[in-house]
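# Observations on the three-dimensional arrangement
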Amino acid sequence: MGKRVKSVSYAKWGYIFILPFFIVYAIFSFYPMITTFYYSFFENYNQGLTTIGPNFVGLKNYANLFTPNEGRFEILEYTKNTMIMWILGAVPQFVFSLLLAVIFTSVRLKIKGQRFFKTVIYMPNLIMAAAYSMLFYVMFSEVGPVGMMAKTMISQDFVVFNDVAASRNVVAFINFLMWFGNTTIMLMAGIMGIDGSLFEAASIDGATGTQVFFRITLPLLAPIFVYVAITSLIGGLQMFDVPQIIGGATGAPNGSTRTLIMWLNNVVTGNAKDYGKGGAISVMIFIITAVLSFAVYRTMVKEDPTAKKAKRRNTHGLL
């Protein structure tokens, strides 16, 4: 009788290797998320030296978020600030990154030294956001080189960080510089994943560069572009360090650079340390992020008409 050969269960080892990730995620992400949602239904804050709560108040914290505070709906105002600064940085970032990605991957141009250029454009993403922000804060301050130049060109009374539009554009520009390299690399990877025979066939048929871009590159790049847009949106809604340094804790001027996360940080770490309200804000940020991400996905992803018809036929056939 022959010896039994002991088989190895590769599936078992696969689960064992990914188990540490799920353990860390459950402890440091999932559990805090659940407790945040739970405590959002409680009042728990400091009133002087006295701690109030935790006392169950139901949806009171959520109702307070949509109650005017001195005539202002803070959640709407800070959501608007966050979205404006994200859009101002994201739109040029997508356009510029897509342009660079197409140029660097072009077979016709055959640009040399691509590795060098990839490294250079990605380097800003490696620098800490706080260091970047401090550099630009000094440059655009009233006594900085750019601030002094603005006084000469616009008005002697003009101060960059006292102007709403200028302050928001500085924050957006910093975010643009920090992230366009990462977006470019992602889009380049997406373009290089497209079958090269499609470009060769288009070239043989006499298609122009513009036709190739809009008929082949852009449609096939859509999945990567959707991923980049949604991750950028999520990062934009979590914007904190750059506007915190540029506009301070109050989001100067006049709270125009104060984001949702800055508001949350002030509520939780301020004198009141209102953890109940902070939990409600966190849940609302999650809901806003989910809704906007779904809207972006539905806007950018279109179902193939042929697949849609086939799906309808299959459904009718089953019925």
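Everything discussed here concerns the structure shown above.
Conventions and cut-offs
Residues numbered from 1 in each chain as written. Predicted model: local features only at pLDDT ≥ 70, side-chain atom pairs only at ≥ 80, totals over all residues. Heavy atoms only, no water. Helix = DSSP H or I, 4+ residues; strand = E, 2+ residues; numbered from the N terminus. Rg over C-alpha atoms; globule rule 2.2 N^0.38 Å. Buried < 20%, exposed > 50% of the residue type's maximum accessible area, 1.4 Å probe, protein only. Contact = heavy atoms within 4.5 Å. Areas by Shrake-Rupley, 256 points an atom, 1.4 Å probe, with all protein chains shown as cover. Lys, Arg positive; Asp, Glu negative; His and termini not counted. Charge placed at Lys NZ, Arg CZ, Asp CG, Glu CD. Salt bridge = Lys/Arg side-chain N within 4 Å of Asp/Glu carboxyl O. Pairing = 2+ DSSP bridges. Axes fitted to C-alpha atoms, helices over the stretch in contact; angles between N-to-C directions. Left-handed = near helix turned anticlockwise from the far one by under 90°. Nonpolar A, V, L, I, M, F, W, Y, C, P; charged D, E, K, R; others polar. Expected span 1.5 Å × (residues − 1). Arc of directions from axis to C-beta.

### Considerations on the overall build of the chain
Secondary structure summary: the chain contains 13 helices and two strands in total. In terms of overall size, the chain is more extended than a compact globule, its C-alpha atoms giving a radius of gyration of 26 Å where 319 residues would be expected to give roughly 20 Å. Residues classed as buried in the chain amount to 36% of the 319 residues present. A separation of at least 24 residues holds for 65% of the contacts in the chain among residues at least 6 apart in sequence. Carbon and sulfur atoms make up 67% of the accessible area of the chain, which amounts to about 20500 Å² in all. Across the chain, the centroid of the 25 positively charged side chains sits 15 Å from that of the 14 negatively charged ones.

### Details of the pattern of salt bridges
The tally for this structure, following the rule as stated, stands at three salt bridges. For glutamate 77, the salt bridge goes to arginine 72, with nearest N and O atoms at 3.0 Å. The partner of glutamate 74 in a salt bridge is lysine 277, and the shortest N-O contact between them spans 4.0 Å. Note that glutamate 74 is positioned in helix 3 (residues 74-105) and lysine 277 in helix 12 (residues 275-300), a separation of 203 residues in sequence. Of the residues examined, lysine 277 reaches a relative accessible area of 21% and is grouped as partly exposed.

### Some points on the pairing of strand 2 (residues 50-56)
Taken together, the five bridges between strand 1 (residues 42-47) and strand 2 define a ladder with antiparallel strand orientation. Bridge assignment links asparagine 46 to a residue of strand 2, and that residue is threonine 51. Once strand 1 ends, the chain turns through two residues before running back antiparallel as strand 2, passing glycine 48 with a positive phi of about 70°.

### Remarks on the packing of helix 3 against helix 7 (residues 164-192)
Two numbers describe how helix 3 lies on helix 7: the axes approach to 6 Å, and their chain directions differ by 40°. Of the two possible hands of crossing, helix 3 and helix 7 adopt the one that is right-handed. Here the contact of helix 3 with helix 7 is built from residues that sort into 20 nonpolar, nine polar and two charged.

### Remarks on helix 5 (residues 129-140)
Three- or four-residue spacings in an α-helix give side chains the same orientation, since the helix completes a turn every 3.6 residues. With 12 residues, helix 5 extends 16 Å from end C-alpha to end C-alpha; this agrees with the ideal 16 Å at 1.5 Å per step. Listing the buried residues of helix 5 in full gives Ala129, Tyr132, Ser133, Phe136 and Phe140. Looking straight down helix 5, one finds its buried side chains confined to an arc of 95°; they lie on one side. Close packing links the buried residues of helix 5 with helix 6 (145-153), helix 7 and helix 10 (241-247).

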